[in-house]
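# Observations on chain architecture
Given next are the chains, with one letter for each unit.
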Amino acid sequence: MPFLGYNVLLAPMAGVTDVAMRTLCREQGADMCFTEMVSAKGLSFANDKTRHLLDLAPGEDKVAVQLFGHEPAVMASQAAWIEEQMGESLAYLDINMGCPARKIVSKGDGSALMKDPELATAIVSAVKGAVSHPVTAKFRRGWGPDKETAPEFARRMEQAGADGVTVHGRFSLQMYHGFADWGCIERVKAAVSVPVCGNGDVCSGQDAVAMRERTGCDGVMIARAAEGNPWVFAQAKAALAGASQPEPPTAAQRLAMAQRHARLLSQREGRNIVRMRKHAMWYVAGLPGAAAARRQINECESLEDFERVLGELGHITSYN
Ligand SMILES: Cc1cc2nc3c(=O)[nH]c(=O)nc-3n(C[C@H](O)[C@H](O)[C@H](O)COP(=O)(O)O)c2cc1C
């Protein structure tokens, strides 16, 4: 059974899964995309920058929203506010219990909640009591090192009312090092009866199939492999459906997608177009002339700058 109706999902990524990124990933076949994580506290202060994270892309019918925080009452009231504002365009709400970043865990948010299952339980049950949309929790293998708590943690989230869980098979202390342990996803799947979404190190269509076969997970969530590569969703969708793999994108297609990404970002983000620098680096990685283009990309400050640098790279790659 798909995870809440979705087979392949774009993971929440702060600073990455904005309107532009989601537009391109949905076009390539992602069944559901996440917003960047949204601070419950920031929303409660009516912070415009935080609210802006909830904007939909043109033509985006539904989006999944991830909240972070650690105060059950604040999380519940802001979840209710999101539901009221977004109505049918909200697919479901997820609670971030996996972010390992120091500035997040030092406040008791993100994966710090894995160290306090009582509080994590209280958050899920408070949010669940405040909204009618499905509520899920996204967490890791455990805090670490080497102490896998995810199966028991998942059971507690289920008992608290979670409609599903997403597991990234790394410990918090691992950050993004080493490998994601898919055995952990399998053990979580065996521990709960709510749907389980698997996450970690899915980079291709074959990986998506391997994760589903190995773990029995209901959905596959992809994060880093989608950076500069929205085609990974077309590949995952085809592979999971048993269809033949689409051809990998050519250099020209990658550069054209980068140009589109820049235009979409400039329409939405205005001065924040510099966010395109990292996307451009991802799109051009490995292309002829990319190493030399890196410095120029890092100096881009406007849509025109990106169009020029990507256009010049297009001339170089067409001669190779
Ligand atoms: C730049 C970046 C930002 C991320 N931001 C979030 C976030 O806001 N919320 C979250 O739950 N996970 C976040 N993650 C973790 C991913 O959602 C995902 O769990 C992790 O990258 C493992 O999946 P992958 O191997 O497919 O990349 C982030 C990861 C990256 C690389």
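Everything here concerns the structure above.
Residues numbered from 1 in each chain as written. Predicted model: local features only at pLDDT ≥ 70, side-chain atom pairs only at ≥ 80, totals over all residues. Heavy atoms only, no water.

## As for the site of the ligand
Taken together, 16 residues lie near the ligand, and Gln66, Lys138, Asn199, Asp201 and Arg224 sit nearest. Between the ligand and the protein, one listed contact pairs an oxygen atom with a side-chain N or O atom of lysine 138 at 2.8 Å. For the ligand, the accessible surface in isolation is 610 Å², of which the surrounding protein chains cover 89%. (Near = heavy atom within 4 Å. Polar contact = N/O pair within 3.5 Å; in protein donor to acceptor, adjacent residues only side chain to side chain. Areas by Shrake-Rupley, 256 points an atom, 1.4 Å probe, with all protein chains shown as cover.)

## Focus: the sheet that holds strand S6 (residues 135–142)
Strand order across the open sheet formed by nine strands is S2-S1-S9-S8-S7-S6-S5-S4-S3, with parallel pairing between neighbours. If you trace the sheet from one side to the other, it starts and ends with strand S2 (32–33) and strand S3 (38–39), each paired once. With three bridges connecting them, strand S1 (residues 8–10) and strand S9 (residues 219–222) associate as parallel partners. In the strand pairing of S9, valine 8 is matched with valine 220. Along the sheet, helix H7 (residues 150–160) contacts strand S5 (90–97), S6 and strand S7 (164–171); its crossing angle with S6, the most-contacted strand, is approximately 165°. (Pairing = 2+ DSSP bridges. Helix = DSSP H or I, 4+ residues; strand = E, 2+ residues; numbered from the N terminus. Contact = heavy atoms within 4.5 Å. Axes fitted to C-alpha atoms, helices over the stretch in contact; angles between N-to-C directions.)

## Details of the packing of helix H9 (residues 205–215) against helix H10 (residues 231–240)
At a closest axis distance of 7 Å, the pairing of H9 and H10 adopts a crossing angle of 50°. One finds that H9 runs oblique with respect to H10. For the pair H9 and H10, the sense of crossing is right-handed. Between H9 and H10, the contacting residues are Gly205, Gln206, Ala208, Val209 and Arg212 on the first element and Gln235, Ala236, Ala239 and Leu240 on the second. (Parallel < 35°, antiparallel > 145°, perpendicular 65-115°, else oblique. Left-handed = near helix turned anticlockwise from the far one by under 90°.)

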